[in-house]
Amino acid sequence: MLKIDILTIFPEMFKGPFNISILKRAQEKGLVEINIHNLRDYATDKHRTVDDYPYGGGSGMVMKPEPIFRAVRNLKRDDSEVILLSPSGDLFNQKIAEELSKREHLILICGRYEGVDERVKFIITREISIGDYVLTGGEIPAMVLVDAIVRLIPGAVGDPNSLREESFQWGILEYPQYTHPREFEGMRVPDILLSGDHKKIRRWRRKEALRKTLLKRPDLLEKADLSQEDYVLLEEIKKELREEV
Ligand code: SAM
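What you see is a predicted model; the values in this text were computed from it and never measured.

Conventions adopted
Each chain has its residues counted from 1, running along the sequence as written. Predicted model: local features are reported for residues with pLDDT of at least 70 only, side-chain atom pairs are reported and counted for 80 or more only, and whole-chain, interface and lining totals are derived from all residues. Note: side-chain values were computed over all heavy atoms of the structure, leaving out hydrogens and water. Pairing between two strands is assigned when DSSP locates at least 2 bridges connecting them. In this description a helix means any DSSP run of H or I spanning at least four residues, a strand means any run of E spanning at least two, and both kinds are numbered starting from the N terminus. The angle between two axes is taken between their N-to-C directions and runs from 0 to 180 degrees, where each axis is a line fitted to C-alpha atoms and a helix contributes only its stretch in contact. Identification of polar contacts relies on pairs of N or O atoms within 3.5 Å, with a donor-acceptor requirement for protein atoms, meaning one able to donate a hydrogen and the other able to accept it, and with residues adjacent in sequence counted only if both atoms are side-chain atoms. Any two residues whose heavy atoms approach within 4.5 Å at even a single point are treated as in contact. Whenever a carboxyl oxygen of Asp or Glu lies within 4 Å of a side-chain nitrogen of Lys or Arg, that contact is scored as a salt bridge. Think of it in three bands: residues with accessible area under 20% of the maximum for their type are buried, residues over 50% are exposed, and the middle band is partly exposed, with areas taken using a 1.4 Å probe on protein chains only. Summary of the distance rule: residues count as near a molecule or strand when at least one heavy atom falls within 4 Å of that molecule or strand. All accessible-area figures derive from a Shrake-Rupley calculation using a 1.4 Å probe, and residue coverage is judged against the displayed protein chains alone. Under the scheme applied, nonpolar residues are Ala, Val, Leu, Ile, Met, Phe, Trp, Tyr, Cys and Pro; charged residues are Asp, Glu, Lys and Arg; polar residues are all the others, including Gly.

## Observations regarding the sheet that holds strand S5 (residues 80–91)
Part 1: With parallel pairing, the five strands of this open sheet are ordered in space as S2-S1-S6-S5-S7. Because the sheet does not close on itself, it has two edges, and the strands there are strand S2 (32–38) and strand S7 (126–129). Geometrically, the sheet is characterised by an average inter-axis angle of 30 degrees between neighbouring strands, direction not taken into account.
Part 2: When S5 meets S7, the two strands line up parallel, connected through five bridges. Paired with Leu 85 across the bridge in S7 is Ile 128.

Laid out in structure tokens, this is it:
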């Protein structure tokens, strides 16, 4: 079972997101154990101090190394991945989520203020960023990681087939989805989806997934593992696009 320990000075932030839907059920089913630890419990002074002024001057406060080292040393096992959430980390993506969903133990460290003392680098195994922007703390990034990781644990999502065709699973975006009604404010569901011809539907979906990726995220196509059929479909799409203009 995957065990996730989260170190934060705002444990109360996690109550909502971890207690609904798939994340809640995954914990109830024993697929994942999530523990939230208050970093202040690892401070030793009577004020439970976790931050201090930066050496060299400058604005804001920096998280002290001692409470973080103490907490990690208390929780760490031989198989632990110790992750610092940080804007300077590796950019989080589906591949990293898959990798982490197969691990036994994750420790997530949430920074606050101007960040954490640089020496924390010596106790972590990895730094992860959720995007090229700066948030006020590592709590929301930790929630993003946990959400993306837990839904990949076998048994967490009711129908495992729903994961198979999702965006990024094959290196491209997902095909367009439709539900009832068949016609809404003059907009019709594509006829092919009502045809019952599963071979044609599969081909249409693959083609539309490729079209969406080509138009919105062409960078993904360069790295995607494409089949011979995909190249044929891409040629068809490019021809259609040329004819549109
Ligand atoms: N001064 C830091 C810098 O410029 O890189 C930013 C510190 S930020 C205000 C406080 C904390 O929020 C960070 O220590 C980190 O834990 C978290 N954080 C902010 N943006 C993040 C991002 N894009 N990905 C992951 N963590 C982030």
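Having seen the structure, we can now continue with the description.
## Brief notes about the side chain of His 105
Part 1: Within the secondary structure, His 105 sits in strand S6 (residues 105–109).
Part 2: Within the local environment of His 105, its side chain forms a polar contact with the side chain of Asp 5, the two groups lying 2.7 Å apart.
Part 3: Aside from chain neighbours lying at most four places away, what touches His 105 is Leu 2, Lys 3, Asp 5, Leu 75, Arg 77, Asp 79, Ser 80 and Glu 81.

## Focus on the pattern of salt bridges
Side-chain pairs of opposite charge can arise where the charged atoms are in close proximity.
Part 1: Within this structure, the stated rule accounts for 24 salt bridges.
Part 2: Put simply, Glu 99 and Arg 126 hold a salt bridge, and the shortest N to O gap is 2.9 Å. Within this pair, whereas Glu 99 is found in helix H4 (residues 94–101), its partner Arg 126 is found in strand S7, the two being separated by 27 residues in sequence.
Part 3: Judged by its relative accessible area of 37%, Glu 99 is partly exposed.
Part 4: Residues Glu 240 and Lys 207 are paired through a salt bridge, measuring 2.6 Å at the closest nitrogen-oxygen approach. With a gap of 33 residues between them, Glu 240 in helix H9 (residues 228–244) and Lys 207 in helix H7 (residues 198–216) connect regions that are remote in the sequence.
Part 5: Among the residues examined, Lys 207 registers a relative accessible area of 10% and is labelled buried.
Part 6: Salt bridges linked by common partners bring Arg 203, Lys 207, Glu 208, Arg 211, Glu 236 and Glu 240 together as one network.

## Some words on the site of the ligand
Part 1: Lining the immediate environment of the ligand, one finds 19 residues, of which Leu 85, Gly 111, Glu 114, Tyr 133 and Leu 135 sit closest.
Part 2: Between an oxygen atom of the ligand and a main-chain N or O atom of Gly 111, the distance comes to 3.0 Å.
Part 3: Take Gly 131: an N or O atom from its main chain is 3.0 Å from a nitrogen atom of the ligand.
Part 4: With the chains in place, 82% of the 590 Å² that the ligand exposes on its own is no longer accessible.
Part 5: When contributions to the shell around the ligand are tallied by element, the ones reaching two or more residues are S5 and S7.
Part 6: No other element matches the three residues that S5 contributes to the shell around the ligand.
Part 7: Per-class residue counts for the shell around the ligand are nine nonpolar, eight polar and two charged.

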